[in-house]
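# Structural overview for review
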Amino acid sequence: MRNNISTCLMGIGILLLVIGFIEGLVFGDAPDGFHMTIALYWWLSGVTAGFIFIGLSEIVNLLQKLVNKFDANQPVQSGILSLFQPTSSSSIQEKIAEASDTKIKDLTILIDDVRFKGFFVFTDTEVRVMKKSLFQAESEAVLIKEISKNNLSADFERDEDYVIFSFTESGGIHKLAFKTYNIYDYERIINLLKHRESR
């Protein structure tokens, strides 16, 4: 559903198209015949102005959809300063309980030195690292690695935009890093990665 601004811009764009067409007919009609050059001038002006407003309407509509998507998936957090402060264990447990089989999408992921776009799927015991390009459907995503949460380090590092965890596999230590454009996802992902299954 469009918001009011998007609807108004769409209405103005359609109105400009109609006015441009009518003005082209009115001003192109002369006593000595129909002047196509004058009519085209008004028609093209109306089409140009109308599609600019229709395009702006679509931009506003898409931005509103993005805002709605993030508002639905993410609770409002207190801001950047709270991203890496410790959270009480009870609140982490509550978040984890809600987040069984949680997907966090639109990530840039690094495993060792291999970088790709994808998402994480969190279960109670493991993290599934999925690879998915921007234009792929989610059903076409490829499972890259399943990492047991018990093999993940409890601590993490920061390197520019990336948060880096290490994990052990086959006797070696590997690196799992991620970054996201949504800063509110960082705290959530870190809490999910640090959560260990109670034994």
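Summary of the structure given here. (Residues numbered from 1 in each chain as written. Predicted model: local features only at pLDDT ≥ 70, side-chain atom pairs only at ≥ 80, totals over all residues. Heavy atoms only, no water.)

Time to look at the overall build of the protein. Counting its secondary structure elements, the protein contains 4 helices and 9 strands. Walking the protein from its N terminus toward its C terminus, one meets helices and strands in the order α-β-β-α-α-β-β-β-β-β-β-β-α. For the protein, the residues scored as buried account for 33% of the 199 residues in total. Long-range pairs, those at least 24 residues apart, make up 48% of the contacts in the protein between residues at least 6 apart in sequence. Counting only carbon and sulfur atoms, one obtains 61% of the accessible surface of the protein, whose full area is about 12600 Å². (Helix = DSSP H or I, 4+ residues; strand = E, 2+ residues; numbered from the N terminus. Buried < 20%, exposed > 50% of the residue type's maximum accessible area, 1.4 Å probe, protein only. Contact = heavy atoms within 4.5 Å. Areas by Shrake-Rupley, 256 points an atom, 1.4 Å probe, with all protein chains shown as cover.)

As a further point, take helix α4 (residues 184-194). For α4, the tally of buried residues reaches 8 of 11 residues, placing the bulk of the element in the interior. Regarding α4, the residues found buried are Asp 185, Tyr 186, Glu 187, Ile 189, Ile 190, Asn 191, Leu 192 and Leu 193.

Another aspect to go through is the pairing of strand β4 (residues 114-122). Two strands pair when backbone bridges link them, and strand β3 (residues 102-111) and β4 are joined in this way by 8 bridges, in the antiparallel orientation. By the bridge assignment, Leu 110 is partnered in β4 with Arg 115. Between β3 and β4, which follow one another and run antiparallel, lie 2 residues, and Asp 112 among them has a positive phi close to 55°. With 5 bridges connecting them, β4 and strand β5 (residues 126-131) associate as antiparallel partners. Residue Gly 118 lies in a different strand from β5, and its bridge partner there is Lys 131. (Pairing = 2+ DSSP bridges.)

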